[in-house]
Structures are given as C-alpha cells and as structure tokens.
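The lines below spell out each chain.
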Amino acid sequence: MIDIGPNRFKQAFAEQRAQIGFWATLGTATVADLLADCGFNWLLLDCEHSPTDVGEILPQLMTVDRSLMTTPIVRPPWNDMVIFKKLLDIGVRSLLVPMSSAEEARRAVAATRYPPDGIRGVAGGIRANRHGRITDYPGGASDDICLLVQVKTRTGLDNIEDIALVDGVDGVFIGPADLGAAPGHLTDRNHPDVIAAIRDGHRRIVDTGKAAGILTTDVEQAQMWLDEGFIFVACGVDANILAREADALARRFRG
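Heads up: these notes are all about the structure in this document. Keep in mind that this is a model prediction, so the values were computed, not measured.

Comments concerning the pairing of strand E4 (residues 94-99)
Stage number 1. Judged by how many residues are buried, E4 sits mostly within the fold: 6 of 6 residues are covered.
Stage number 2. Both faces of E4 are covered, namely the face carrying Ser94, Leu96 and Pro98 and the face carrying Leu95, Val97 and Met99.
Stage number 3. Alignment of E4 against strand E5 (residues 146-151), held across 6 bridges, turns out to be parallel. Bridge assignment links Ser94 to a residue of E5, and that residue is Cys146.

As structure tokens, this is what we get:
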C-alpha cells in the first residue's frame, strides 16, 4: 500500500516547532519548483489575491510535493465548500481560509470532513488517495488535513477566541495588511496601532492553545514575531522580490 507519510506541517504544530514560510502568487509550476528547494518549511500557493485557479494549483502541488523540505499550503479564494472539495481531491492537505466568525470556521471544518462528521463529497479515484491505491484514505483524512483560518478584519479579531476554539481548527493566521487597512493604516503595517493589534491577537490565540501565524515582508519584523512566539511565519512574497530585484538591476544600468 502507498504511504504518503504524515502532514509534516501539522506535525510541527504538535511539536511546537517554528515553521518559516514563503508566499507564492505567480501561479506557475516553474516558480513553485524553484521555491520548493529554497529550504522553507512551507510554501503558500495563493488563490485569493492572484489569478490562480484550482487547475493551476495541481501542477504547483505536484512539484512541491516531491520536496523533502517544503510543505504546500493553499489559500482558496474564499470559504467555499465546492472549491475545498476540488482542492482536497487533488491532494491539498493544508488550507488557509479567510474568515471573520466562528460560524464560518465551523463551515470550513465541515467542508474538510467526510460524513457523518462533515459535508465533503466522497469520490473513489482521486489524487488525494492516489487514485484509489490508498484504500483507508477516508478514515484518516480528517486527522491528516490541517485547517488554518485567517483573521484579517476587526470583526475577526474581535471573534478570535471563538474562531480558534472551533473543533477542527489547527491554527489562526493574522493578516496584517487588511487588519491595518481597517483603522486607516493601509500602507503602514508598522504603525504602533497595527503592531499592538497583532500582539493582542497573538496573545489571545495562544491562550486558546492553538498555533498562531503571520506574514510580513520585513525580515526584522519576521524575526521579531518568531521571537515573540508565532509558530508559522511567512517572510517573503515571490512577486515582491522579483519586482524589487529587477527594479534595482534596471536602475543600476540606467545610471
């Protein structure tokens, strides 16, 4: 029987091991293949703020899956059971889902569980069970799937304990960009009010016993959040780095 091994990302949570990640928005298997060998613990394949759809996730997933270092995580465009079903069936084992309430979290959990525990549709020959070769897949899928919920609004922050405590939620990710935009700090993610809100959210997540995560493109801030106890931290975005480095190279030769 085929053994695809444990979900390494979820296993790291149980062992309280910090996981360093990277954000992939360019949506190609070539970029995913390049990033899979960088040494990051996880790579976020983004469908929310990119043109990437489910069909484009599959080749990225296939190339990252062969990595012995990096675990792929997919952010769907929204908390949608139909999209979840497609992503889970092609072999996605970890999801990052934006939301603002405990009810939305419960819907997300249900969409990742087979009946009678949830509403995930059952299919026999899917990539997730290696096209029927993993015969006990339905029985172990719920324990293998890692569900991360993303809190990025003031409402979500207000409800953070209720969201985190939903059974089936493995971790809570704080989205600093939208969180900063709400009180008027759209372009200043280092504003003291934003930092204070993140610290408050982190403390409250930890108090529920769940893992806390965040994204920042400021490397010093990334280290700060790791030092303060965030378990999963993304420290860069592919498009941002490409644009910045290409701009710098062009400026050098334009004089």
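That was the structure; now back to the text.
Points about the layout of surface pockets
Space left empty within the atom packing is revealed by a probe, the size of a water molecule, rolled over the atoms.
Stage number 1. In this model, the largest pocket occupies a volume close to 560 Å³.
Stage number 2. Taken together, 29 residues form the lining of the largest pocket, with Ile4, Gly5, Pro6, Arg93 and Asp144 sitting closest to its centre.
Stage number 3. Contributing elements (two or more residues each) for the lining of the largest pocket: helix H3 (54-65), strand E3 (71-75) and helix H6 (137-144).
Stage number 4. Looking at the lining of the largest pocket element by element, the count peaks at 4 residues for H6.
Stage number 5. Grouping the amino acids of the lining of the largest pocket by side-chain chemistry returns 14 nonpolar, 7 polar and 8 charged.

Structural notes on the side chain of Arg127
Stage number 1. The residue Arg127 is located in the loop between helix H5 (102-111) and H6 in this model.
Stage number 2. A polar side-chain atom of Arg127 sits 2.9 Å from the main-chain carbonyl oxygen of Ile90.
Stage number 3. Setting aside residues up to four positions removed in sequence, Arg127 forms contacts with Leu58, Leu61, Met62, Asp65, Asp89, Ile90 and Gly91.

What counts, and at which threshold
Residues numbered from 1 in each chain as written. Predicted model: local features only at pLDDT ≥ 70, side-chain atom pairs only at ≥ 80, totals over all residues. Heavy atoms only, no water. Buried < 20%, exposed > 50% of the residue type's maximum accessible area, 1.4 Å probe, protein only. Helix = DSSP H or I, 4+ residues; strand = E, 2+ residues; numbered from the N terminus. Pairing = 2+ DSSP bridges. 1 Å grid on protein atoms, 1.4 Å probe; cavity = no way out; pocket = protein on both sides within 12 Å on 5 of 7 lines; lining within 4 Å. Points joined across faces, edges and corners; volume = space filled by probe spheres on them. Nonpolar A, V, L, I, M, F, W, Y, C, P; charged D, E, K, R; others polar. Polar contact = N/O pair within 3.5 Å; in protein donor to acceptor, adjacent residues only side chain to side chain. Contact = heavy atoms within 4.5 Å.

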